[in-house]
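Topology and contacts: notes
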There are 2 protein chains.
Amino acid sequence: MAIRRKEPPAEQPEAYPITYGVLGLLSFIGPMSGYDLKRAFDHILSPMWGAAHSQIYKELRRMETLGWVTMEREEQESRPDRKVYSIISAGQQALTAWEAQPKISLQMRDELLLKITFGSFAPPGALMATVKAGLAFHEERLAEFRENLHHLLVRHDQPQEEPGANQNAGDPFARRITLLAIEAEEVYTRWLRELLDFLKEREPQLEDR
Amino acid sequence: MAIRRKEPPAEQPEAYPITYGVLGLLSFIGPMSGYDLKRAFDHILSPMWGAAHSQIYKELRRMETLGWVTMEREEQESRPDRKVYSIISAGQQALTAWEAQPKISLQMRDELLLKITFGSFAPPGALMATVKAGLAFHEERLAEFRENLHHLLVRHDQPQEEPGANQNAGDPFARRITLLAIEAEEVYTRWLRELLDFLKEREPQLEDR
DNA sequence: TATATCATGTAATCGGTTACATGATTAA
DNA sequence: TTAATCATGTAACCGATTACATGATATA
């Protein structure tokens, strides 16, 4: 019953995966604003990480106090100033130190699979509608990933028009990651289609709405 | 610049996916303690959702105040009392209402893929060690899922020894989910092995440590 | 004889989501 | 002319993780 005050940890973790996601993009692509970073996240990191823009901004502020990035303010008319962040050497070192650790974490939160798991509690027809919505969602994801691959392929072979537009094309990992994402979504969508067939067999009268 | 107090939302969401994960397991399997639920989560829901035991306990308390479950205390010697929770009709209705909504959410947090994405910033040999650790992790996951499938298959054909031990065997969704999880991990591990081959080609001298 | 693991839960902290703000274009 | 979307950020809240507790039995 005795209450023991927790002693401050010898070295509180000052960064987590999303921190390195931001840091990696700044190093990979170059100086950017929080807004740009959000888009880079959605395009490049969507297969393995999602982040709200608000959190990216927060991480940027934190990393600035850590001395990992610097910020330069660009004034604009009728729009909030752009705060352009750049990675500096301490940040680059932190990124490398993280890469040196083999520790990995994995979190999956898939509400579609959860609903399917307990699908026997769904009212008639409801599960079919959910699966259809899920199939549409994942087909769109698959299409995006295929488009990403297309960009990687063309820009790799052709001379670059916009300078600095596509540094990742020459990177050996970007394409591999995209290929995995595509394959995973192909498996997922095929599985959903088979499930849909099964549901249609069971409840043919509910096939449309 | 005016500060506007936020008005309380007309109807605050009283549940989120994990709530229905707990609820679904209680309905699917039967009355359980928080401890049992944690194990059920790890076995049945691991392909799509992870939860710390502390959060499961918290959800149970919340759901009790909502009137979705009831709790009965079982006294034990030299061990904290078991609090056994049971789903009641309001909870069953909430579960069905959730199933009736086609809305789905998806969150992926894969630190391994993140490290690989920025693998060009890793010190020599570090990425290879990370990929090896990741491969071991996912091979273990794959083995677990295959074992789950095995259990589903045998218990489905044979008469059940322990009563109530395996209600899910007859369920059409449990096996399908497991099959998807297996296929996904097969794709993932194969991809990791190919990546490892690529890395070994690049840095043959670093192949061991 | 330490050290895990089983068994069962509570409390504090923090990562991440949702809401709040603003104003200019573009589309319906 | 109403509503999106682009563009850019801050503040509040809450879901989820980590730490705290306890005491058996099993394992090294």
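Residues numbered from 1 in each chain as written. Chains lettered and ligands numbered in written order. Predicted model: local features only at pLDDT ≥ 70, side-chain atom pairs only at ≥ 80, totals over all residues. Heavy atoms only, no water.

**Brief notes about the side chain of D171 of chain A**
Definition in use: Going along the chain from the N terminus, every DSSP run of H or I of four or more residues is numbered as a helix, and every run of E of two or more is numbered as a strand. Buried residues are those whose accessible area, probed at 1.4 Å on protein chains only, stays under 20% of the maximum for their type, while exposed residues exceed 50% and partly exposed ones sit between those limits. When charges are tallied, Lys and Arg are placed among the positive residues and Asp and Glu among the negative ones, while His and the ends of the chain are skipped. We define a salt bridge as a contact between a side-chain nitrogen of Lys or Arg and a carboxyl oxygen of Asp or Glu at a distance within 4 Å. Pairs of N or O atoms within 3.5 Å make up the polar contacts considered here, provided that, within protein, one atom can donate a hydrogen while the other can accept it, and that residues adjacent in sequence are counted only when both atoms are side-chain atoms. Two residues qualify as a contact provided that any one of their heavy atoms is within 4.5 Å of a heavy atom in the partner residue.
Secondary-structure assignment places D171 of chain A in the loop between α6 (126-157) and α7 (172-202). Nearest to the buried, unbridged D171 of chain A among oppositely charged side chains is R202 of chain B, at 7.4 Å. A polar atom in the side chain of D171 of chain A sits 3.3 Å from the backbone nitrogen of A174 of chain A. Here S120 of chain B takes part through its side chain, which lies 3.4 Å from a polar atom of the side chain of D171 of chain A. Setting aside residues up to four positions removed in sequence, D171 of chain A forms contacts with F28 of chain A together with T117 and S120 of chain B.

**A look at the packing of aromatic side chains**
Here is the rule we go by: In summary, the pairing rule links any two rings of Phe, Tyr or Trp, Trp by its six-membered ring, whose centres are within 6.5 Å, and it sorts them by plane angle into stacked for under 30 degrees, edge-to-face for over 60 and tilted for everything else. Here, a charge over a ring means that NZ of Lys or CZ of Arg falls within 6 Å of the ring centre while also lying within 35 degrees of the ring normal.
Within this structure, the stated rule accounts for 11 aromatic pairs over all chains. Each ring, one from F173 of chain A and one from F198 of chain B, has its centre 6.5 Å from the other, and the planes form 85°; the classification is edge-to-face. Here F198 of chain B lies in helix α7 (residues 172-202) and F173 of chain A lies in helix α7, a pairing that spans two chains. The exposure class assigned to F173 of chain A is buried, which follows from its relative accessible area of 2%. Members of the aromatic cluster, connected to one another through ring pairs, are Y20, W68 and W98 of chain A. One residue, R176 of chain B, lies across the ring of F198 of chain A, its end atom 4.1 Å from the ring centre.

**Digging into the interface of chain B and chain A**
Reports of interface size often rely on the accessible area that becomes lost once the parts have come together. Rule in force here: By convention, the term buried area covers the 1.4 Å-probe accessible surface removed from two parts as they join, with the contributions of both added. Classification convention: Asp, Glu, Lys, Arg as charged; Ala, Val, Leu, Ile, Met, Phe, Trp, Tyr, Cys, Pro as nonpolar; all other residues, Gly among them, as polar. Paired strands, in this sense, are two strands between which DSSP finds at least two bridges.
Each partner contributes to the interface: chain B provides 66 residues, whereas chain A provides 66 residues. Both sides together, the interface formed by chain B and chain A hides about 6,500 Å², and carbon and sulfur atoms give 69% of it. At the boundary of chain B with chain A, the tally comes to four salt bridges. The interface formed by chain B and chain A includes 26 residue pairs in polar contact (both at pLDDT 80 or more). Looking at which element gives the most residues to the side of chain B that touches chain A, the answer is α7 of chain B, with 15 residues. Per-class residue counts for the side of chain B that touches chain A are 38 nonpolar, 15 polar and 13 charged. Sheet analysis places strand β3 (residues 106-110) of chain A next to strand β3 (residues 106-110) of chain B, joined by five bridges and oriented antiparallel. From the neighbouring strand, Q107 of chain A faces β3 of chain B, where its bridge partner is R109 of chain B.

**Points about the side chain of H138 of chain A**
Relative to the helices and strands, H138 of chain A is located in helix α6. Judged by relative accessible area, H138 of chain A falls into the buried class, the value being 2%. If near-sequence neighbours (up to four positions away) are discounted, H138 of chain A is found in contact with L112, E185, Y188, T189 and L192 of chain A together with L106 of chain B.

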